[in-house]
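# Tertiary structure, described
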Amino acid sequence: MIVLLGVVVVILGFVTRRNPVLVVGVAGVFTGLIGGMDPREVLAAFGRSFADSRSVTVFAVVLPVIGLLERYGLREQARRLIGRLAGLSAGRFLAVYLLVRQITAAFGLNSIGGPAQTVRPLVAPMAEAAAERTTGAALPDRLREKVRSYAASADTVGLFFGEDCFIAIGSILLITGFVNSTYHQSLEPTQLALWAVPLAVCAFLVHGARLLLLDRQLQREMALAHAEHELPLPKGTDK
């Protein structure tokens, strides 16, 4: 039980607001030493853990690439593209993205979307451009942040409820392994994945409806904003 003192080190480090990487590293070294490992074994354990979870560090390569793409006009091109689709509002566009995100996640393609690699540089700017074309005016900061939050929610909801339809996802394998080993059942991943399909459909209907209502909310709040500042309403906007 003495090795659990490493957890105490983590708690103390977070309570005192130290650097998380430093806290976890110190806790790992401390746990290894009090567990009877020599320094070389501790270092080897760190190396093995890093090699086994090296996919976690992919963001260190992805983020600079996204930054370069944005610097050379990725967001502007995305806004220009959505501006050519006259019948596509912000809510409709995000509902389509929600559907695409769920379907791709159901086939295990989780890395296609994401807040960093897709929502920020592409989905959010396109939703903002669609909202500005629908309302006929530039969005104030408050509504712009609202559109961005809805874009992030479309990605999150689509991934969360879509990935459980894939039989090889970690959560499905964890549940089946725990149930079969603990309760001596013969639960198959396919059974859980099939039960996740109706839940994913319900999630799409509920959140898709919320996304479609976003257009009305933007129209109403833009009208109120213009009324408060005694500005003329944009053309085509109902009072």
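Now for a look at the structure at hand. Since this is a predicted model, take the numbers as computed values, not measurements.

Thresholds applied
Residues numbered from 1 in each chain as written. Predicted model: local features only at pLDDT ≥ 70, side-chain atom pairs only at ≥ 80, totals over all residues. Heavy atoms only, no water. Core = buried A, V, L, I, M, F, W, Y, C linked by side-chain atoms within 4.5 Å. Buried < 20%, exposed > 50% of the residue type's maximum accessible area, 1.4 Å probe, protein only. Helix = DSSP H or I, 4+ residues; strand = E, 2+ residues; numbered from the N terminus. Contact = heavy atoms within 4.5 Å. Axes fitted to C-alpha atoms, helices over the stretch in contact; angles between N-to-C directions. Parallel < 35°, antiparallel > 145°, perpendicular 65-115°, else oblique. Left-handed = near helix turned anticlockwise from the far one by under 90°. Nonpolar A, V, L, I, M, F, W, Y, C, P; charged D, E, K, R; others polar. Salt bridge = Lys/Arg side-chain N within 4 Å of Asp/Glu carboxyl O.

Here we take up the nonpolar core. In terms of nonpolar packing, the biggest core is built from 30 residues, with Ile82, Phe93, Leu94 and Leu211 touching the most fellow members. Listing elements by their share of this core, those giving two or more residues are α5 (74–83), α6 (90–106), α7 (115–135), α8 (141–162) and α10 (189–228). In terms of residue count, the dominant contributor to this core is α7 (eight residues). When sequence neighbours within four positions are dropped, the list of residues in contact with Leu211 reads Gly91, Leu94, Ala95, Leu98, Tyr150 and Ala154.

It is worth spelling out the side chain of Arg101 at this point. Structurally, Arg101 can be placed in helix α6. In this structure, Arg101 is in contact with Leu109, Asn110, Gly113, Gly114, Asp155, Gly158 and Leu159, ignoring residues within four places of it in sequence.

The interhelical angle for the contact between α6 and α8, taken along N-to-C directions, is 25 degrees, at an axis separation of 7 Å. Accordingly, the angle class assigned to the pair α6 and α8 is roughly parallel. In the packing of α6 onto α8, the handedness of the crossing is right-handed. Contacts between α6 and α8 involve Leu94, Tyr97, Leu98, Arg101, Gln102, Ala105 and Ala106 from the first element and Val147, Tyr150, Ala151, Ala154, Asp155, Val157, Gly158, Leu159, Phe161 and Gly162 from the second. Here the contact of α6 with α8 is composed, by residue class, of twelve nonpolar, three polar and two charged.

This part covers the pattern of salt bridges. Applying the stated rule across the entire model yields seven salt bridges. With a closest N to O distance of 2.8 Å, Glu221 and Arg142 form a salt bridge. Taken together, the residues Glu221 in helix α10 and Arg142 in helix α8 connect sequence positions 79 residues apart. Residue classification places Arg142 among the exposed positions, given a relative accessible area of 55%.

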